[in-house]
Amino acid sequence: MTRSRPFSARLARGGISAIALSLALSLALSLPLAGPAAAETFRWATTTDPQTMDPHAVNAAPVTSFLNNVYEGLVRRDAEMAIEPSLATSWAPLEGEDGWRFTLREGVTFHDGSAFTADDVLFSYERAASEESDVRSWFAPVTEVRVVDDRTIDFVTSAPNPLFPDSIANFLIMDRGWAEANDAARPARDAENFATRNTNGTGPFRLAARDPGIETRLAPFDGWWDEARHNVTEAIYTPIGNPATGLAALLSGEIDMISPIPLQDVAQVEGREGFRVLEGLETRVIMLGFGHDRETLKYGADAGAPNPFLDPRVRRAVALAIDVETIDRIIMRGKAEPASQLLPAGLSGYSEANDAPLGFDEAAARALLAEAGHPDGFSFGLMCTNDRYINDEAVCRAVASMLARVGIDAELTVMPVRNYWEELRADNFDMYLLGWSPGTFDAEHPIRFLAATPNEETRVGSWNFGGWSNTRVDELLPLVQQELDPAARQAMLDEIAAILQEEVAYVPLYVEPLIWAAKANIDLVQRPDNFFMLRWVRVN
Amino acid sequence: MIPFIARRLVQSLFVMLAVAALAFALFRFVGDPVSQMTGVETAPQDMERLRVELGLTDPIPLQFARFVGDLVTGDFGYSYRTRQPVGEMIAQRVPATLELGLVALLISLVVGIPGGIYAALHPRAPGTQALLVGTLIGVSVPTFVIGILLIFLFGVKLGWLPTFGRGGTVDIGGWRTSLLTLDGWRALILPAITLGLYQLTLTLRLVRAEMMDVMRTDHIRFAMARGLPLGTIHYRHAFRNTLVPVVTIVALQFGGVIAFSVVTESVFQWPGLGLLFLESIRFVDIPVMAVYLVLIGFVFVVLNLLVDLLYAAIDPRIRVAGAA
């Protein structure tokens, strides 16, 4: 790297004006300050600052990912996303009623030294399930939480709930004494409270300094119950919103790791010695949705005409007309993976029986359109984000031009995500782009949110903007949620996956790639949920 | 003088009200804050409840009245994103932006004024031609491109200067300054050049044009004829006369420097007001956006007022006209 070249060599080059000389002198003086920091200091950046340090106030990935380094749950996910013991050492279904009993770990202390007990779990449950909390939906099935003794706690559910332990991997435990003493017994609603900028968890790192939006420092917690695999003595986090700046910060050596980097910068990083790109697949499936509950089209030249997407043959034609492999190759630079279902292959509940995507077949698409009574095609409106998913606008443009080749004309509207959901909720689309990452990493999640008929009372189908409705799927969903036998459960999930594919309720396109970059001397684990866990970081 | 100031103050009040109305109108289009504040798994009912709590379902005139009322009473509310008091968030970011703006201004003056004088006095010199071509580039290349180029040259390729942030800051009674440490200056120099470049080219060209005009006037010719030393003619007689328009433009531009530091701050991850504003737009953090926009409006109003007063101080003829 340039940095290592002798400074005098740089001075000697070229004509040096007085300004450059004084600049150079000031640099010479400051070089010791800029030299490589202690080996175990780890600096990283992402695009979005976690907006709060309160684990129950906001259910957003930047917050949950960051706080998983500071707080811990009863269970946690390992590098392959499997559930493993954390603050609970074991768990088992309750006998005689529905629910789970968790046996808690001995000898765990919070960062302030107070002991971790079942009462803290009860408190955290009350806090996380309160009206002020944004994670209360995790506890919708819970009817009661009972402290049996200091090391045992029962979560009673309204029905059998085999996935409950999986669903609370991000339920982070806070100390009752600390929260109550600091007036933070509930998540902040209007004004911030003590827990917004301070923490007291049991995790491997404690908050050393917090400057919202600028810099957050973490220090290892000496009293952590688990054996530390990392060798970080100080971790410094900086949000860098501009991707070009983030890349420059990495290449100049000021930060050790950044997530994510834009697809188009991958080659730049790979081409440089001392850096590497970490690629993986995220758990997010990008798909197209339709307005299933609309009698007429809303946009395009045919606005007001009967909605052709009510016909499953037309939906199938759309799926057949889109060449996902080409989108992957050109727009996603070969880093995505074609998808056949609402969740990526390999996650729990994925239907192996329905693994094959519909494929690309323009002739078949045209034939289906003609059969459905649209030999000359039609015109409609496609809604799309331009700042939410990787190259989302480019993907939508490609989809529109591919659909044009079979004669259907998509009038594309793109907008930032901050306006997008409002438009979708107001039914302002004929077709739309959506990305979905199953929060529980199980097939039940997308079914509950995207495939179930929207129902305010049971709170299902809240992201089913098109109002797709199938009585069999609605019938199976509660059974899936309660089935304890894995084989029987998978059979039902297979049936739902088959219905979704047969009816082309959505057109799954591809699984989004996950691209991080780091210095070559950094060992880390890239988990598919895009969480960055400091406990696996080694600075070599 | 006093009626003049009073009149200007009343006018300013209306301007501020108009700014507030515009800002408020803008919020209808920035998006839905509640979608940004809640996770995907949040039930629609809970989102609706939050919407009611935030007063977003109230009639629009009522919302506007509350918005203006809160601003007037100095109750800036809490950020939707961080839940921090908005006043505190803004106050924390002001030093970074002001220091950046002032140093950018300083660079533009220190280079722009002598450059302009030189270009005016030696119109045919190769140096002048080079300066003029340079300024053309300065006005035509977008700020973010210049910023990125500087970062990759001095930050990545040469490794001399940091690529982002403020470097070492020192806290003096709540004012976090980067002017007292070498590290702070190293971090400041690239963003300041990026931000000041446009201002610099403008100042240089303005000084040059004004100076050339003044050099053609009768009193300079007379001074020449009297055989006064060239230095005295150039700097005491000619340059002073070019100052009036220069001061106006420079001061008015300073408002622009503060307002448009958004781009520079984003490129350098400079933790000032502009960056805060950008983050707030992305998150539909309406309380922060509102206070920022009104504050920027206020800065412009105050600068305009100051320029009017400075005018009178520099040019006695204006004082006479005002008194008449």
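By convention here, each chain's residues receive numbers from 1 onward along its written sequence. By the order in which they are written, chains take letters starting at A while ligands take numbers starting at 1. At least 70 in pLDDT is required for a residue's local features to be given in this predicted model, at least 80 for side-chain atom pairs to be given and counted, and no such filter applies to totals for whole chains, interfaces and linings, which use all residues. Only heavy atoms go into the side-chain values, all of them from the structure, while hydrogens and water stay out.

## A look at the overall build of chain A
Applied cut-off: Each helix corresponds to a stretch of at least 4 residues labelled H or I by DSSP, and each strand to a stretch of at least 2 residues labelled E; elements are numbered beginning at the N terminus. Using C-alpha atoms as the atom set, the radius of gyration is obtained and then compared with a globule rule of 2.2 Å times the number of residues to the power 0.38. Working definition: with a 1.4 Å probe on protein chains only, accessible area under 20% of the residue-type maximum means buried, over 50% means exposed, and in between means partly exposed. A 1.4 Å probe and the Shrake-Rupley method give the accessible areas. Residues count as covered only by the protein chains that appear here. Only four residue types enter the charge count: Lys and Arg as positive, Asp and Glu as negative, with His and the chain ends excluded. One atom stands in for each charge, and that atom is NZ of Lys, CZ of Arg, CG of Asp or CD of Glu.
Helix and strand counts for chain A stand at 17 helices and 19 strands. A compact globule built from 540 residues should have a C-alpha radius of gyration of about 24 Å, and chain A, at 26 Å, falls within 12% of that. Each principal axis of the C-alpha distribution contributes one length, and for chain A these read about 75 × 75 × 40 Å. Expressed as a percentage of the 540 residues in chain A, the buried residues total 56%. Entry remark: accessible area of chain A is about 20800 Å², with carbon and sulfur atoms responsible for 50%. Across chain A, 46 positive and 79 negative side-chain charges occur, with their mean positions spaced 7 Å apart.

## Some details on the UniProt feature "domain: Solute-binding protein family" (unreviewed entry) in chain A
Inclusion rule: UniProt positions are given in the numbering used here, feature names are shortened, and annotations may be inferred rather than shown by experiment.
Feature annotation in UniProt places "domain: Solute-binding protein family" (unreviewed entry) on residues 83-448 of chain A, given in this structure's numbering. Helix makes up 26% of residues 83-448 of chain A and strand 24%, with an end-to-end C-alpha separation of 21 Å.

## Examining a nonpolar patch on the surface
The line we're drawing: Only residues whose relative accessible area exceeds 30% and that form no salt bridge enter a patch; like-charged residues are grouped when within 9 Å of one another, and nonpolar side chains (Val, Leu, Ile, Met, Phe, Trp, Tyr) when within 5 Å. Within this document, salt bridges are pairs made up of a side-chain nitrogen of Lys or Arg and a carboxyl oxygen of Asp or Glu, the two lying within 4 Å of each other.
Residues B:Ile172, B:Leu179, B:Leu180 and B:Trp185 make up a contiguous nonpolar surface patch of about 370 Å² in total accessible area. One can find B:Trp185 in helix H8 (residues 182-215).

## As for the pattern of salt bridges
Opposite charge on two side chains allows them to pair when their charged atoms are near. Evaluation of the coordinates by the stated rule reveals 48 salt bridges over all chains. Between A:Arg315 and A:Glu503 there is a salt bridge, and its shortest N-O distance comes to 3.6 Å. Of this pair, A:Arg315 sits in helix H10 (residues 312-321) while A:Glu503 sits in helix H17 (residues 486-503), and the two are 188 residues apart along the sequence. Classification of A:Glu503 as partly exposed rests on a relative accessible area of 28%. The partner of B:Arg49 in a salt bridge is B:Glu53, with the nearest N and O atoms 3.7 Å apart. Residue B:Arg49 and its partner B:Glu53 are both found in helix H3 (residues 44-53); the two are separated by four residues, about one turn of the helix. Salt bridges linked by common partners bring A:Glu131, A:Arg136, A:Arg459, B:Asp46, B:Arg49 and B:Glu53 together as one network.

## Overview of the domain arrangement of chain A
Residue and element names in this part refer to chain A. Our working definition: Here the limits of each domain have been adopted from an automatic or database domain assignment. Contacts between residues were defined by any pair of non-hydrogen atoms, one from each residue, lying within 4.5 Å. The term buried area refers to how much accessible surface (probe radius 1.4 Å) is lost by two components on association, counted for both of them together.
Per the domain assignment, the segments of chain A are domain 1 (52-187) and domain 2 (284-513). Look at where the C-alpha atoms of domain 1 and domain 2 centre, and you get two points 34 Å apart. Contacts between domain 1 and domain 2 engage nine residues on the former and nine residues on the latter. With both sides pooled, the region where domain 1 packs onto domain 2 buries about 760 Å², and carbon together with sulfur makes up 66% of that total. When the buried area of domain 1 at its contact with domain 2 is split by residue, Pro-160, Pro-162 and Leu-163 rank highest and sum to 51% of it.

## Details of the interface of chain A and chain B
Threshold: Polar contacts, as counted here, are pairs of nitrogen or oxygen atoms within 3.5 Å of one another; within protein the pair requires one atom able to donate a hydrogen and one able to accept it, and residues that are adjacent in sequence qualify only if both atoms are side-chain atoms. Ten residue types, Ala, Val, Leu, Ile, Met, Phe, Trp, Tyr, Cys and Pro, are classed as nonpolar, four, Asp, Glu, Lys and Arg, as charged, and the remainder, Gly among them, as polar.
The interface of chain A with chain B comprises 59 residues on the first partner and 56 residues on the second. Buried surface at the junction of chain A and chain B, summed over both partners, amounts to about 5000 Å²; 51% is from carbon and sulfur atoms. The interface formed by chain A and chain B contains five salt bridges. With a shortest N-O distance of 2.9 Å, A:Arg197 and B:Glu88 are connected by a salt bridge. Summed over the shared surface of chain A and chain B, the result is 23 residue pairs in polar contact (both at pLDDT 80 or more). If you list the elements that add at least two residues to the side of chain A that touches chain B, you get helix H2 (18-34), helix H7 (194-197), strand S10 (234-239), helix H8 (243-251), helix H14 (417-425) and helix H15 (444-451) of chain A. When grouped by side-chain class, the residues that make up the side of chain A that touches chain B number 23 nonpolar, 19 polar and 17 charged.

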